[in-house]
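The chain contents come next:
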Amino acid sequence: MNRYHAIQKLMSIVDEKVVIVGNLGPTSDEMRHAMHRDKNFYTYGSMGLCSSIALGIALNYSDKVISFDGDGSVLMNMGTLATIGRENPLNLIVLIWDNEMWGQVGRQFSHTHYQTNLEEIAQGCGIKKTITVDNEDDLEKVFVKALSDDGPYVIVAKIKESEYLSVAPVEPEIIAFNFRKSMIQNA
Ligand SMILES: Cc1ncc(C[n+]2csc(CCOP(=O)(O)OP(=O)(O)O)c2C)c(N)n1
Ligand SMILES: [Mg+2]
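Here goes a summary of the coordinates provided. Bear in mind the structure is a predicted one, so any value in this text is a computation, not a measurement.

Cut-offs and rules
Residues numbered from 1 in each chain as written. Chains lettered and ligands numbered in written order. Predicted model: local features only at pLDDT ≥ 70, side-chain atom pairs only at ≥ 80, totals over all residues. Heavy atoms only, no water. Helix = DSSP H or I, 4+ residues; strand = E, 2+ residues; numbered from the N terminus. Buried < 20%, exposed > 50% of the residue type's maximum accessible area, 1.4 Å probe, protein only. Polar contact = N/O pair within 3.5 Å; in protein donor to acceptor, adjacent residues only side chain to side chain. Contact = heavy atoms within 4.5 Å. Salt bridge = Lys/Arg side-chain N within 4 Å of Asp/Glu carboxyl O. Near = heavy atom within 4 Å. Areas by Shrake-Rupley, 256 points an atom, 1.4 Å probe, with all protein chains shown as cover. Nonpolar A, V, L, I, M, F, W, Y, C, P; charged D, E, K, R; others polar. Phe/Tyr/Trp six-rings, centres within 6.5 Å; stacked < 30°, edge-to-face > 60°. Lys NZ or Arg CZ within 6 Å of the ring centre and 35° of its normal.

### A word on the side chain of S182
With respect to the secondary-structure elements, S182 resides in helix α8 (residues 172-186). Residue classification places S182 among the buried positions, given a relative accessible area of 7%. Polar contacts involving the side chain of S182 include one to the main-chain carbonyl oxygen of F179, which spans 2.8 Å. Excluding anything up to four places from it in sequence, S182 contacts D38 and K39.

Printed below as a string of structure tokens:
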């Protein structure tokens, strides 16, 4: 499965109130190229914090919040899954794009290439709605279901790394300002 293609598909079916937090690097770049919107929160630089930020937003927001995380980032901050299990936010969907590597920094194999199973770790944290998918049709099906169902969901999407798109403009202050403004307008 190709992440950019899948991101384009999934972003075309979320409504405008849904928040999407993007993992640093290529995932945020691809979100921005696929469909820039003020409710996309791009986490440039902050490895490991994508799902933590999404959790914080989810606990304070009535609509769905989606985390487009990465295997390496979740591995670096596994405590996020434990806290999601404990807080049990019904409106949070964590989608881990698992290319089994630290892609952006040299494509070294990550632990998921060997023995680490992030879906089982999520289960062990008490998150009941989990799945691992390796093709776009199955991903779309579970994603559509998760959008209209109580969560939290953890979806591990196995992907093949491909060419990177151009790096999207990095303007943290502007991203944060526009994101906050869009949340206030929705409150
Ligand atoms: C705290 C911290 N450590 C290391 C880095 C360097 N770094 C940036 S992206 C990345 C790999 C992220 O891997 P993953 O989440 O799987 O995303 P991928 O690049 O594979 O899409 C690393 C190690 C960083 N930005 N922050
Ligand atoms: Mg990765």
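### What to know about the pattern of salt bridges
Tallied over the full model, the rule gives 10 salt bridges. In this structure, E161 engages R3 in a salt bridge whose closest nitrogen and oxygen atoms are separated by 4.0 Å. Here E161, found in the loop between β8 (153-158) and α8, pairs with R3, found in helix α1 (residues 3-11); they are 158 residues apart in sequence, far enough to count as distant. Across the pair, R3 and E161 agree in class, each one buried. In this structure, the salt-bridge partner of E171 is R32, at a minimum N-O distance of 3.9 Å. Of the two residues, E171 is situated in the loop between β8 and α8 and R32 in helix α2 (residues 26-35); the sequence distance between them amounts to 139 residues. For E171, a relative accessible area of 27% gives the class partly exposed. Taken together, the salt bridges that share partners define one network made up of R3, E30 and E161.

### A word on the site of ligand 1
Contacts to ligand 1 come from 16 residues, most closely from G72, S73, N99, G103 and Q104. A distance of 2.7 Å separates an oxygen atom of ligand 1 from a polar side-chain atom of S73. Look at ligand 1: alone it shows 600 Å² of surface, and the protein chains cover 74% of it. Sorting the residues of the shell around ligand 1 by element identifies α4 (71-76) and β5 (101-102) as the ones contributing at least two each. Across the shell around ligand 1, the residue classes tally to six nonpolar, eight polar and two charged.

### Topic: the packing of aromatic side chains
Evaluated as defined, the whole model comprises four aromatic pairs. Summarising the aromatic geometry, the rings of F68 and W97 are spaced 5.5 Å apart at their centres and angled 70° between planes, so their arrangement reads as edge-to-face. Pair noted here: F68 is in strand β3 (residues 65-70) and W97 is in strand β4 (residues 92-98), with a separation of 29 residues, a long-range link. Of the residues examined, F68 reaches a relative accessible area of 1% and is grouped as buried. In this structure, R107 packs its charged tip against the face of Y164, placed 4.8 Å from the ring centre.

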